[in-house]
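Here is what each chain is made of, one letter per residue.
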Amino acid sequence: MNKAFFFDMDGILFNSMPNHARAWEEVMTAHGLDFKAEDCYINEGRTGQDVIHEAVLALEGREPTEDEIWDIYEEKTRRFYELGPTYPIENVDKVLRYLRKRECQIWVVTGSGQATLFDHLNEAFPVEGKNPIFARERMITAFDVTKGKPDPEPYLKAWQKSGLRKDQCFVIENAPLGVRSGKGAGLTVLAVNTGPLAPQALYDEKADFVFDNMTGLLNWLQTNV
Ligand code: CA
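Definitions and cut-offs
- Residues numbered from 1 in each chain as written.
- Predicted model: local features only at pLDDT ≥ 70, side-chain atom pairs only at ≥ 80, totals over all residues.
- Heavy atoms only, no water.
- Helix = DSSP H or I, 4+ residues; strand = E, 2+ residues; numbered from the N terminus.
- Expected span 1.5 Å × (residues − 1).
- Contact = heavy atoms within 4.5 Å.
- Pairing = 2+ DSSP bridges.
- Axes fitted to C-alpha atoms, helices over the stretch in contact; angles between N-to-C directions.
- Core = buried A, V, L, I, M, F, W, Y, C linked by side-chain atoms within 4.5 Å.
- Buried < 20%, exposed > 50% of the residue type's maximum accessible area, 1.4 Å probe, protein only.
- Domains from an automatic or database assignment.
- Buried area = accessible area lost by both parts, 1.4 Å probe.
- Salt bridge = Lys/Arg side-chain N within 4 Å of Asp/Glu carboxyl O.
- Polar contact = N/O pair within 3.5 Å; in protein donor to acceptor, adjacent residues only side chain to side chain.
- Nonpolar A, V, L, I, M, F, W, Y, C, P; charged D, E, K, R; others polar.

J.: Can you lay out helix α4 (residues 66-82) for me, pointing to particular residues and giving the numbers?
T.: Along its 17 residues, α4 runs 24 Å from first to last C-alpha, staying within 8% of the 24 Å computed at 1.5 Å per residue. Check the buried side of α4 and you find it contacts α1 (17-30) and α3 (48-60). Just downstream of α4 lies Gly84, where phi reads positive at about 105°.

J.: Requested: an account of the sheet that holds strand β5 (residues 188-192), with residues and values cited.
T.: Taken in spatial order, the 6 strands line up as β3-β2-β1-β4-β5-β6 in an open sheet, and their pairing is parallel. Each of the sheet's edge strands pairs with one partner strand only, and the pair in question is β3 (139-140) and β6 (209-211). In the sheet, strand β4 (residues 169-173) pairs with β5 via 4 bridges, with the strands oriented parallel. Pairing of Val171 across the sheet is with Val189, part of β5. Here helix α5 (residues 92-101) sits on the sheet and contacts β1 (4-7) and β2 (105-109); the angle it forms with β1, its principal contact strand, is near 155°. Relative to the sheet, helix α10 (residues 214-224) contacts β1, β4, β5 and β6, its axis offset from that of β5 by approximately 145°.

J.: Tell me about the nonpolar core, residues and numbers included.
T.: Ranked by internal contacts, the top residues of the largest apolar core, which has 33 residues, are Phe5, Phe7, Leu13, Leu99, Phe134 and Leu221. Residue assignment for this core shows that the elements contributing at least two residues are β1, α5, β2, α6 (117-124), β4, β5 and α10. Ignoring sequence-local partners within four residues, the contact set of Leu221 consists of Phe5, Val95, Tyr98, Leu99 and Leu190. Listed in part, the 19 residues of the second largest apolar core include Val109, Val179, Ala191 and Ala207.

J.: Just give me the short version of the domain arrangement of the chain, but keep the residues and values in it.
T.: Looking at the chain, the domain boundaries give domain 1 (4-15 + 86-224) and domain 2 (17-82). Taking only C-alpha atoms, the centre of domain 1 and the centre of domain 2 are 23 Å apart. Summed over both partners, the interface of domain 1 with domain 2 comes to about 1,500 Å²; 57% of that surface belongs to carbon and sulfur atoms. Looking at the side of domain 1 facing domain 2, the largest losses of area belong to Asp10, Gln114 and Leu177, adding up to 28% of the total buried there. Linking domain 1 with domain 2 are 0 salt bridges. Viewed at the interface, domain 2 and domain 1 are joined by 2 residue pairs in polar contact (both at pLDDT 80 or more). Per-class residue counts for the side of domain 1 that touches domain 2 are 7 nonpolar, 11 polar and 3 charged.

Structure below.
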């Protein structure tokens, strides 16, 4: 395994951003905080805790307590699940299968702090045979970092644990702040623009490549990996 691919989750593995945006807007509004669905796309990649911290600080000029942050975050997670299931991004399963065939390391690097994340991944991307695509030891979540994206820490942690050189590691991201995190870690970033923002937002953060969809990414991988 001489290459590693660090997959972001929301907007890369799952078409979950529309429901996240709606859940955030509803819960923040219920708490009297100013946060619209479109703010979700601009903030995408940051941990929920960071987003809540900043919203409370901006509106009330004070630091929220840890309990307050987790209460709001739990409420947001509950609301997100009430909105119904989310499904894999179209053709991302083909990307994963291709990389597995090429014996690449496959990682998940996400700001999510959902306890059921690992089970959800293996349900959504089942494989025949005994080797699952995802492994607990190849996941970096909100629980593993002190600073979330756009800080480089999540991708630096994944790189350190991979045991590979930086030029053997690739970040797959859909959000500008996620691209910033990957580039800050000194890694090659393959951006796939699955959301409503203009592709320029990803180039502005110095993404090495920007693809319109997973088919574009797969074509690149088939030539380069
Ligand atoms: Ca994302």
